[in-house]
Every structure is written in structure tokens, then in C-alpha cells.
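For reference, the chains in residue letters:
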Amino acid sequence: MLALLAFQLLLGLQPVVSASYPPGPWNISDYCNAPHVNASHYEHPTEDAELVHLSVLMRHHKRAPVALVPDERSINVGIGWDCTCAKQFTYGGGGARLYHTVRTPPNHPFAQQIWPGTCEEGQLTAGGFNDAREHGKDFWGLYHDHLDFLHAVEPTEINVRTTYIDRTKQVASAMLAGMEPLTAERDWASHSQPQRIDSLVPNYKCPRADALQAAAQAAPKWQAILKKNEALKARLDAVLGTKDSKAVWPNSFMFYQDVLTSRVCNDHPLPCNTAGDCVSEEDAAQIFELGNIEFDYLWHTANNATESNQLTFGAMFSELADGLESPRHRLMLYVAHDLSVVRLASGLEIFPIHWPKLGSEIVIEIWKDKHDERFVRVLYDGAVVRHLGWTPLERFLQHLRRQVPKDLFEKCTAVPSKEALMLQTTVQHSALQSPDTFPIQAPLL
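The present account deals with the structure reproduced in this document. Not measured: the values here are computed from a predicted model. (Residues numbered from 1 in each chain as written. Predicted model: local features only at pLDDT ≥ 70, side-chain atom pairs only at ≥ 80, totals over all residues. Heavy atoms only, no water.)

## With respect to the packing of aromatic side chains
Where two aromatic rings form a pair, the distance of their centres and the angle of their planes describe that pair. This model, assessed by the stated rule, comprises 15 aromatic pairs. An aromatic cluster is built from Tyr42, Phe139 and Tyr143, whose rings are joined through pairwise contacts. A cation over a ring is seen here: Lys87 above Tyr99, with NZ or CZ 4.3 Å from the ring centre. The residue whose ring lies beneath Arg97 is Phe89, and the NZ or CZ to ring-centre distance is 5.2 Å. (Phe/Tyr/Trp six-rings, centres within 6.5 Å; stacked < 30°, edge-to-face > 60°. Lys NZ or Arg CZ within 6 Å of the ring centre and 35° of its normal.)

## A few points about the packing of helix α6 (residues 230-240) against helix α8 (residues 281-301)
With their axes 11 Å apart at the nearest point, α6 and α8 run at an angle of 120° to one another. Our classification of the angle between α6 and α8 gives oblique. By crossing handedness, the relation of α6 to α8 is classed as left-handed. Here Leu232, Arg235 and Leu236 of α6 come into contact with α8, specifically with Asp283, Gln286, Ile287 and Leu290. When the residues that make up the contact of α6 with α8 are grouped by side-chain class, the tally is four nonpolar, one polar and two charged. (Axes fitted to C-alpha atoms, helices over the stretch in contact; angles between N-to-C directions. Helix = DSSP H or I, 4+ residues; strand = E, 2+ residues; numbered from the N terminus. Parallel < 35°, antiparallel > 145°, perpendicular 65-115°, else oblique. Left-handed = near helix turned anticlockwise from the far one by under 90°. Contact = heavy atoms within 4.5 Å. Nonpolar A, V, L, I, M, F, W, Y, C, P; charged D, E, K, R; others polar.)

## Comments concerning helix α7 (residues 254-265)
With twelve residues, α7 should reach 16 Å at 1.5 Å per residue; the first-to-last C-alpha distance of 16 Å fits that figure. By the criterion of burial, α7 is predominantly enclosed, with twelve of the twelve residues buried. Residues of α7 that are buried include every one of Met254, Phe255, Tyr256, Gln257, Asp258, Val259, Leu260, Thr261, Ser262, Arg263, Val264 and Cys265, and no others. Following α7 by one or two positions, Asp267 adopts a phi angle in the positive range, close to 65°. (Expected span 1.5 Å × (residues − 1). Buried < 20%, exposed > 50% of the residue type's maximum accessible area, 1.4 Å probe, protein only.)

## Quick look at the pattern of salt bridges
Following the criterion strictly, the structure yields 17 salt bridges and no others. Here Arg161 ties to Asp198 by a salt bridge, and the two come within 3.4 Å at their closest N and O atoms. With Arg161 in strand β4 (residues 158-162) and Asp198 in the loop between α3 (166-179) and α4 (207-218), the pair connects residues that are 37 residues apart, well separated along the chain. Classification of Arg161 as buried rests on a relative accessible area of 4%. Across the salt bridge formed by Asp381 and Lys357, the nearest N and O atoms sit 3.6 Å from each other. You can see Asp381 sitting in the loop between β7 (374-380) and β8 (383-384) and its partner Lys357 sitting in the loop between α10 (338-347) and β6 (361-369), a full 24 residues away along the chain. (Salt bridge = Lys/Arg side-chain N within 4 Å of Asp/Glu carboxyl O.)

## Some words on the state of the cysteines
By definition, a disulfide links two cysteine residues through a covalent bond between their sulfur atoms. Tallied over the full model, the rule gives four disulfides. Between the sulfur atoms of Cys206 and its disulfide mate Cys412 the distance is 2.1 Å. Measuring handedness by torsion sign, the sulfur bridge of Cys206 and Cys412 sits at about -95° and is left-handed. With Cys206 in the loop between α3 and α4 and Cys412 in helix α12 (residues 408-412), the pair connects residues that are 206 residues apart, well separated along the chain. With its disulfide-bonded cysteines labelled consecutively along the sequence, the chain is connected as 1-5, 2-3, 4-8, 6-7. In this structure Cys85 is a free cysteine whose sulfur lies 9.2 Å from that of Cys83, the closest cysteine sulfur available. (Disulfide = S-S within 2.5 Å.)

Just geometry here; none of it tells us what the structure is for.
Structure follows, in C-alpha cells:
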């Protein structure tokens, strides 16, 4: 916990949020547990209208790292990962209530590649489960107790859409239990798509988007940022044993971001190796900020950022638009990942982009006024997004559908030449905003 406090103090508790909504106490940056809608901090619309639908797309809560160093067991010797309090159930209907546990035999010849303990890579931790349950409690406190919109925690009112990855399903179950504890004893369907084409992750193959991102990472602008931080990378590699390692994701700070934040957020100390060398709190804070810079670059200011986002999240933009146009439930709950939240934020032009926090949420409210006209209001991490504070539903749907490339499959599989990639640009303004009222932000360099 001391490491977490020091980490936050080094960040100065400065909000890294969208310029489209004002600063305030509810916007303080807390990567480990994002601010979310809450009755105590909710900003009511000024219009005389009735709430008729909610769609929420959120990131899961705390988990074990997905980025592992080559000799993982040598980092923070004696400190393991405990996931026994967040059981992963997997069983067939009518069968035993089977749950999954992880155990590494001490004499396993490859044991050095994984930490000691009971957590799988990327598994939701007990802290993540508890945060999700409190998140659900706050959500219900607002939309049921305060606004009297949601009436019952029932599948007829609430539809759950997750990815194929277990932690999103666990977070959804904790959210529901936070809304109504009795759901812990009930069966509830979690809807997902086949892993190969899941649009919420997103997980479908798109070689053109891969080429666009590779071109962005090879661009002089990004290479200059990498070069400027070579000394930082060298210090981290020395502690983590990752110099020249294939474990480190090339041209990116995301590997280090995951290694450090996953530990800090679960109350582990920053990594130290067996030689006694440790990652400093200053370097950890710098990596955290570089994560925000990288996300803003890739999904906002880089050449081809808009096209890349539309290609990789186009199928999900279409799914969202269909669900908002003809909703069949009062609440549509999507539980996903950081790369899902950031793509929706980019598509909705919530700039500058930052790395989505754990539990980060984008809430889309649909309201009906006394003339039976429908309007959309968007909240990001508990705050109203100003340029999406009261948008006609039809206009909002048109914008979402403009994010879906025609012939998406064909475009994804068409890889442009390197020369063509360098010539294309992306600064595009949509009907949601004009350059006069909501200018494109400068990159956070």
C-alpha cells in the first residue's frame, strides 16, 4: 500500500482526463480503481426528460499481470500472487460446481517463468472482484435508488455482454452481485462471440490495421519519444532482466506499464531482482505517464489513427449502434478491456486519449423529452463528456455508423504499401463536433 501511495504522490494526483469535461474532485486520476457513476457525484441533465436506456462499456478491474519477465520468479522473491478468493467456475449444467485453481509444483523445470502462488496470467484478483462488486453497488445506488430507472436485477432488464476472457465474466458477476447480493446464488447468461471474431476485445484479424499501427510506431515522431526515453528503458531492463528479450513488446512502453501497475495496484512492491536492484518510484511514475502518451498517440494523433480505430472496432461500433437504436433491455452491460474502452473513447472523440484505468467506464444514457424526442448523454469515468452532453439520438447513431468502414472484411485484409502508409493522414472532424467548438488537442509529449 505504501508503494501505491508513493506512486500516486509522484503523479501529483493530477487528472489525466478528457479536456471535454471540467476538472473536479471526482476526476482525480486513480488508475487502480477508476472513478465511476455514483449518486453522490452525479450531474443531472438540465432538460425535462425521462431516462429510457443505458449502455455501459467498461474495463475489468484489478488482475495479475499479462506481461511476464523471462525469469519472473526472481522478481520480488518470496512474494506470490493469491487468487484463491476469486474462484473461476467452469462446469456444465447439471454437473459439479467445478472451479479452477492454479498450482505450480516447486520442482517444475520451468517454474522460474511464473511467479509463485495461485494466480494465472491476467487472472482477476480478489481486490479486482471486490472493486467490481462495489462498482455494481454504486451503479445500482444511482440508477435504482436515486433515479428509479432500473427496477430489478433480472435478465429481462439487464443484458450482459463480455469477451471470451474469464476476468470479464467474473467482473460482470461481481457487478451484478453488487447490485443485488442474491444474484450470487443464481444462473445468469453472459453473452459473447466466438473467440476468433469477438468484436468487443477486439480479436478479429485485420492485417491492414496491424500495418497501420506498425507504420505509426516506426514514424519519426514516435521514434523520437522512444529515443528520448532510452535511459529509462535501460534502467528497467537491468532490473527486470529484459534487455534484448523477446518478452518486451517492441516500440512500446506497454510491457513495462503492465509489469509495474499490475503489481502496484495489487499492493505489491515495485519489482526488485535478486541482486537487490529495484525499480524506482520515479521511473514507475514516468512509465505511467508514457502509457498515457502512447495511447493518445496511437488512437488520436498518429497518422492513420482514425482508420486504424475504425478497422479494429468497426464491428463493435455497428453492434453498439444496433443496440442503441432498438434496445431490448433497460441496461446493456459490456465488460471488456483497456483496448476496448480506448477505441470507443477515440471513436467518440473524447480527446486527449489516456490509458483506461481499471474499472474505467463509458456510460451512454438515452433520454426522452416531453416531445418524445430522444437524446444521448455520455459519461466517462463518472463525468459528463461536454460535447456529448445532449446529442440527438439519430445524430449519435449516424456518427457511430460512420465509424464502420464499408466492406470492413475486405478493407482489413488489404494491406497498403509502406509508401502509401506514410502518405495517409487522419485528422478528421465529425458531425459530433466542429473545429470551432471542440478543437483537436495537441499530443501530450
